[in-house]
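Per-entry structural report
So the chains spell out like this:
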Amino acid sequence: MNTAKLVLNDREHELPVMVGSEGETAIDVTRLRSESMIITLDPGFANTGACRSEITFIDGERGILRYRGYSIEELARAAQFTEVCYLLLYGALPNREQLDDFRERLTYHTLIHEDMKKFFEGYPRSAHPMAILSSMVSALSTYYPVANAEEDPDLNIIRLLAKAKTIAAFAYKKSIGHPFSYPINALSYTANFLHMMFSVTTEPYKVPQVLDDALNLLLVVHADHEQNCSTSTVRLVGSSDANLFSAVAAGICALWGPLHGGANQNVIEMLKMIRSDGGDYRKYVAMAKDSESGFRLMGFGHRVYKNFDPRAKLLKEAADRVLRELNIDDPLLEVAKNLEEVALQDDFFLERKLYPNVDFYSGILYRAMGIPTNMFTVMFALGRLPGWLAHWKEMRQDPDRRIGRPRQLYVGEPQRSFVALADR
Ligand code: CMC
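What comes next concerns the included structure. Since this is a predicted model, take the numbers as computed values, not measurements. (Residues numbered from 1 in each chain as written. Predicted model: local features only at pLDDT ≥ 70, side-chain atom pairs only at ≥ 80, totals over all residues. Heavy atoms only, no water.)

**Notes on the side chain of His 391**
- Tracing the backbone through its elements, the reader meets His 391 in helix 18 (residues 376-397).
- Among residues more than four places away in sequence, those in contact with His 391 are Ser 53, Ile 55, Asp 224, Glu 226, Gln 227, Thr 231 and Arg 235. (Helix = DSSP H or I, 4+ residues; strand = E, 2+ residues; numbered from the N terminus. Contact = heavy atoms within 4.5 Å.)

What follows is the structure in structure tokens.
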């Protein structure tokens, strides 16, 4: 076995070195503290592997993203979202029979318990749909406490995958004061969601194929991204043996932040602001470069991608295609492209390797579908759900699993004596 040597205060510590299937090297520090009282410090876990995983491979320097070995470009071109869900969860592409069975199960579990509809009545109309989604997912644990693990270990995984889109669509209907549209079993996963979003009792929504395809693409490119903030949250919460719904609800909350999935809502708000401010995108590029301004170009930069984000590339092409096919002239697409062009020629962005990320063009597609801006991060959550579920499953099946519990470097006061209030 390869080892690395760490020398500290003239003492040598030998650390095992592990190599991943794509040649990535990791120094195993698991026993460093028990053997030497030394810990490693890595704020933001920017250079810390928290687990071994077989699900997704990313090479940020070369712009590579693969699910279970399949490139995102190939999957985006040809795969159905439900196939990708199966692939992420079970590690291999399904054959026809397996896919039909999987889809049937997803369809069968699409409805939420009728009593849960009452929860929607309690939220204010202005409630953010991410808050509704996370609390409703958490509430699923009250209706489906434990799946019968021996008969069907994945039952709650299937339930969550099937019901999340119903909850999301119902949250939207609630926000516009419309009655809920129930799922239709004959529709595909994506068409069913669009139907629940946009059908009204007087007029069923006919899902245009181009939008069905665009939604499929969006979900596929969001489906997993290894140990990002929300997935790590799902793993961490799940590592305490908390139930699946709680772990995923926590992941949804983590995703909501503007530095993570919440950025897709912020991108469109930023593009609208630039446009209404006269369209001077150079001014906003200058602001983003000024650390005093507190302004960042939303949808730009990534912890892992340092060359390009392959998902952004796919979505930019799709945005062009969909808008052209639907004959939509969205002025925000123009603002986005101008912003990208200026930023990509600017030394500030080049030196820091800041490129458009997945959130930069996704909102343009959601807008073309008629999805309101405050639902964008919910769309991200629907896409990321199979990834969270696959990681939760992998984590639970890992024989080396331990509760997630990082260390810290304490930099506070040394021990001191308590002083009674009267003497302070
Ligand atoms: N606009 C302007 N400057 C930026 C940006 C940006 N969007 N992103 C990073 N920088 C600068 C940052 O100020 C820092 O500069 P300096 O070295 O001079 O202090 C440098 O680039 C490195 O930034 P960082 O914050 O240390 O990088 P990070 O890896 O910790 O953060 C990020 C990654 C995605 C949080 C960050 O790039 C960001 O805030 N981007 C905007 C929000 C966004 O689009 N988030 C979606 C991420 S992709 C989808 C997802 O995973 O959810």
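**Topic: the pairing of strand 4 (residues 56-59)**
- Both faces of strand 4 are covered, namely the face carrying Thr 56 and Ile 58 and the face carrying Phe 57 and Asp 59.
- In this sheet, strand 5 (residues 64-67) lies alongside strand 4 in antiparallel orientation, the contact comprising four bridges. Paired with Phe 57 across the bridge in strand 5 is Arg 66.
- The hairpin formed by strand 4 and strand 5 contains four residues between the paired strands, and Gly 63 there has a positive phi angle of roughly 65 degrees. (Buried < 20%, exposed > 50% of the residue type's maximum accessible area, 1.4 Å probe, protein only. Pairing = 2+ DSSP bridges.)

**A closer look at the sheet that holds strand 1 (residues 3-8)**
- Taken in spatial order, the three strands line up as 1-2-3 in an open sheet, and their pairing is antiparallel. The open sheet has two free edges, formed respectively by strand 1 and strand 3 (25-27), since each of these has just one partner strand. Each neighbouring strand pair of the sheet contributes to a mean axis angle of 30 degrees, computed without reference to strand direction.
- Pairing of strand 1 with strand 2 (residues 11-19) involves six bridges; the strand directions are antiparallel. (Axes fitted to C-alpha atoms, helices over the stretch in contact; angles between N-to-C directions.)

**A few points about the site of the ligand**
- As a structural note, the neighbourhood of the ligand is formed by 21 residues, with His 260, Arg 296, Leu 297, Gly 299 and Arg 303 the closest of them.
- One nitrogen or oxygen atom from the side chain of His 260 is found 2.5 Å from an oxygen atom belonging to the ligand.
- Separating an oxygen atom of the ligand from a side-chain N or O atom of Asn 357 is a distance of 2.9 Å.
- Residue classes in the shell around the ligand are distributed as eleven nonpolar, six polar and four charged. (Near = heavy atom within 4 Å. Polar contact = N/O pair within 3.5 Å; in protein donor to acceptor, adjacent residues only side chain to side chain. Nonpolar A, V, L, I, M, F, W, Y, C, P; charged D, E, K, R; others polar.)

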